Amino acid sequence: MNAPAIALNRFGLGARPDEPAPADPQRWLLSQLDKYEALPVPWSAASRTPALVDVWLAQQRAARQAPEGQRAGIREAYLRKGREEYVAAAGARATSALQTPTPFVERLVHFWSNHFAVSVDKLLVIGLAGGFEADAIRPNVLGRFEDMLLAVVRHPCMLLYLDQAQSIGPASPAGARAQERQQPRGRGLNENLAREILELHTLGVRSGYTQQDVTEFARALTGWTLPADEGVASATATFRFVPALHEPGARTVLGRTYAEGGEQQARDILHSLVASPATARHIARKLARHFVADDPPPGLVDRLAATFTRTGGDLPSLYRELVAAPEAWQAGGSKFKSPWDWAISTYRALGRREMPPMQATNLMNQLGQPVWRPGSPAGYDDGSATWAAPDALLRRVEAAQRISTQAGTAIDARALAPRLLPGDALGEATAGAIARAESGSTALALLLVSPDFLRR
């Protein structure tokens with residue numbers, strides 16, 4: 001790969017035939033930091049988080065007030081509406097990726113959304129996943145890591161996904177009342193959010209924290225929950241701290257003691273986690289792995305970690321360091337496209353500027369990477385081995401054949417290939433296979449599943 005091809009494919013989302021290759025790839029990438037729009041037009045029709053929370057609260061209220069026999073129907077109606085919201089938001093995500101003038105930043109949105117993953121196979125959050133990306137990730141992708149982290153862990157989608165909304169401090173007023181009534185009903189201290197913040201969001205695995213640290217952090221997080229049901233819609237409320245649920249007392253996490261302070265106690269712990277060298281290294285490695293290589297160069301990881309520490313987690317500073325890194329521009333290195341990457345780059349290659357929501361969700365289901373459904377808080381794997389497996393490749397071949405057949409003779413793959421893969425990014429083998437294809441649709445399918453197009 002040459003520099004323009006790397007900028008378009010590794011940093012961006014794939015070339016468009018109606019846009020020229022960047023003459024100055026690094027400047028093109030960095031200029032996008034000033035042009036990014038947090039909520040572009042495709043997202044305008046998607047519901048925002050406050051409205052989605054109002055729907056959730058209304059469903060909870062209706063279920064409480066309804067006779068036992070009607071509650072299942074109320075839940076099913078809520079889930080049906082949630083699926084509609086999910087499909088609409090997935091369509092907004094895909095269309096935004098197709099038409100964005102800032103594909104580098106859009107890729108960063110996808111990266112962070114996967115870093116702070118939720119999964120809609122927990123049906124409780126299916127209607128909230130789009131709002132999570134729109135309101136917790138997109139507005140913070142060019143800010144500070146700590147601000148994004150706080151927005152993520154306070155978002156109702158994450159609070160419900162990791163059961164934080166149900167967590168009660170055992171010695172809190174609410175916990176004491178539950179014990180007196182002998183009606184815990186499965187509610188008590190829940191450690192899910194605390195564990196995933198430590199293991200996935202900040203420090204990383206094998207970074208020195210203990211089970212006691214998880215438990216202490218979980219105690220500090222008690223009281224973080226969803227807004228109260230006031231019976232009227234709210235235009236802004238998405239989070240609430242409830243003192244009656246909060247475990248009283250000081251907490252000790254990673255050897256540091258945090259005084260009782262209500263909501264501020266957990267916020268202080270989050271601040272310390274962001275400042276940890278382990279967090280800097282964890283984030284640096286994940287960024288380098290996504291943009292450079294499955295086994296990222298140690299020197300690049302060191303420089304990114306140092307930039308994170310020096311700037312207090314200023315994300316644009318990290319991105320600039322990444323763009324300036326010689327390792328990111330080496331022609332020999334490449335990343336294998338995930339199904340999402342491949343689908344978006346395919347439709348960008350065809351000149352498409354929008355994708356119907358149901359088409360977007362169905363395609364990603366067929367390719368094996370459903371939108372916002374990785375199956376665990378760890379998100380989708382970012383390594384080539386996962387997506388280059390025979391079954392995954394067969395799915396792409398089948399999709400490429402369908403897409404090429406639908407395109408018909410409108411697209412000349414022989415003319416398109418050098419625009420998508422400028423310079424020597426288009427290999428002789430790929431060019432020759434396209435030239436020898438028996439039909440236009442076959443030539444296009446061969447281009448879309450060629451090694452040159454499958455890598456970024």
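Residues numbered from 1 in each chain as written. Predicted model: local features only at pLDDT ≥ 70, side-chain atom pairs only at ≥ 80, totals over all residues. Heavy atoms only, no water.

## Some words on the layout of surface pockets
Basically, it comes down to this: Grid spacing is 1 Å over the protein atoms alone, the probe is 1.4 Å, and a cavity is where that probe fits but cannot get out, while a pocket is an open set with protein on both sides within 12 Å along at least five of seven lines and lining residues have an atom within 4 Å of a point. Grid points are joined across faces, edges and corners, and a volume is the space filled by probe spheres set on the points. For the purposes of this entry, the term helix denotes a DSSP run of H or I that reaches at least four residues, the term strand denotes a run of E that reaches at least two, and both are numbered from the N terminus. When residues are grouped by polarity, Ala, Val, Leu, Ile, Met, Phe, Trp, Tyr, Cys and Pro land in nonpolar, Asp, Glu, Lys and Arg in charged, and all others, Gly among them, in polar.
In this structure, the second largest pocket spans a volume of roughly 890 Å³. Forming the boundary of the second largest pocket are 42 residues, of which Asn 114, Lys 286, Tyr 380, Asp 381 and Asp 382 lie nearest the centre. Where the lining of the second largest pocket is concerned, the elements lending two or more residues are helix H5 (103-115), helix H10 (192-201), helix H13 (277-291), helix H16 (339-349) and helix H18 (384-387). Grouping the constituent residues of the lining of the second largest pocket by class yields 18 nonpolar, 12 polar and 12 charged.

## So, the packing of helix H3 (residues 49-65) against helix H4 (residues 71-99)
The criterion, for reference: Axis lines are fitted to C-alpha atoms, over the contacting stretch for helices. Their N-to-C directions set the angle, which ranges from 0 to 180 degrees. Comment on the angle field: the value is read as roughly parallel under 35 degrees, roughly antiparallel over 145, roughly perpendicular from 65 to 115, and oblique elsewhere. Contacts are assigned to residue pairs with any non-hydrogen atoms lying within 4.5 Å of each other.
In contact at an axis separation of 9 Å, H3 and H4 are set at 170° when each is read in the N-to-C sense. Of the possible angle classes, the one that applies to H3 and H4 is roughly antiparallel. In this structure, H3 uses Leu 52, Val 55, Trp 56, Gln 59, Ala 62, Ala 63 and Arg 64 to contact H4, whose residues at the interface are Arg 71, Ile 74, Arg 75, Tyr 78 and Glu 85. Along the lines of polarity and charge, the residues of the contact of H3 with H4 split into seven nonpolar, one polar and four charged.

## Here's the deal with the packing of helix H17 (residues 357-367) against helix H19 (residues 390-407)
The geometry of H17 relative to H19 is characterised by a closest axis approach of 9 Å and an angle of 145° between their N-to-C directions. Residues Leu 363, Asn 365, Gln 366 and Leu 367 of H17 pack against Arg 395, Arg 396, Ala 399 and Arg 402 of H19. Classifying every residue of the contact of H17 with H19 by side-chain character gives three nonpolar, two polar and three charged.

## Things to note about helix H1 (residues 3-11)
Formally: Classification of residues uses two cut-offs on accessible area relative to the type maximum, computed with a 1.4 Å probe and protein chains only: under 20% is buried, over 50% is exposed, and between them is partly exposed.
In terms of burial, H1 is a largely internal element, seven of the nine residues being buried. Tucked inside the fold, the buried residues of H1 contact helix H2 (25-31), H5, H13, helix H15 (315-324) and helix H20 (413-420).

## Considering the pattern of salt bridges
Spelled out, the test is: Think of a salt bridge as a Lys or Arg side-chain nitrogen and an Asp or Glu carboxyl oxygen that are within 4 Å of each other.
Scanning the entire structure with this criterion turns up 25 salt bridges. Here Arg 16 and Glu 19 are joined by a salt bridge, their closest N and O atoms 4.0 Å apart. Residue Arg 16 is classed as buried on the basis of its relative accessible area of 2%. The exposure class assigned to Glu 19 is partly exposed, which follows from its relative accessible area of 31%. Put simply, Arg 16, Asp 18, Glu 19 and Arg 353 are held in one network by salt bridges that share partners.

## Quick word on the packing of aromatic side chains
Our working definition: Only Phe, Tyr and Trp rings take part, Trp by its six-membered ring, and two of them pair if their centres are within 6.5 Å. Stacked means planes under 30 degrees apart, edge-to-face means over 60, and tilted covers everything else.
Scanning all chains against the criterion turns up 14 aromatic pairs. Pairing Phe 104 with Phe 291 gives two aromatic rings, centres 5.9 Å apart and planes at 80°, and the pair type is edge-to-face. Remark: Phe 291 occurs in helix H13 and Phe 104 occurs in helix H5; sequence separation between them is 187 residues. Classification of Phe 104 as buried rests on a relative accessible area of 0%.

## A few points about the environment of Arg 310
Structurally, the position occupied by Arg 310 is in helix H14 (residues 298-311). The sequence separation of Arg 310 and Ala 171 amounts to 139 residues, and the corresponding C-alpha distance is 40 Å.

## Here's the deal with empty space enclosed by the protein
A water-sized probe, rolled over the atoms, reveals where empty space remains. Applying the stated rule across the entire model yields three cavities of 30 Å³ or more. Here the largest cavity is characterised by a volume of approximately 70 Å³. Leu 52, Val 55, Tyr 78, Lys 81, Gly 82, Glu 85, Gly 127 and Leu 128 are the residues that line the largest cavity. Broken down by secondary-structure element, the contributors of at least two residues to the lining of the largest cavity are H3 and H4. A total of four residues in the lining of the largest cavity trace back to one element, the largest contributor, which is H4. Tallied by class, the residues present in the lining of the largest cavity amount to four nonpolar, two polar and two charged. Of the voids in this model, the second largest cavity is the one considered here, and its volume is about 50 Å³. Trp 43, Ala 46, Ser 47, Leu 52, Glu 85, Tyr 86, Ala 89, Gly 127, Gly 130 and Gly 131 are the residues that line the second largest cavity. Sorting the residues of the lining of the second largest cavity by element identifies H4 and helix H6 (129-137) as the ones contributing at least two each.

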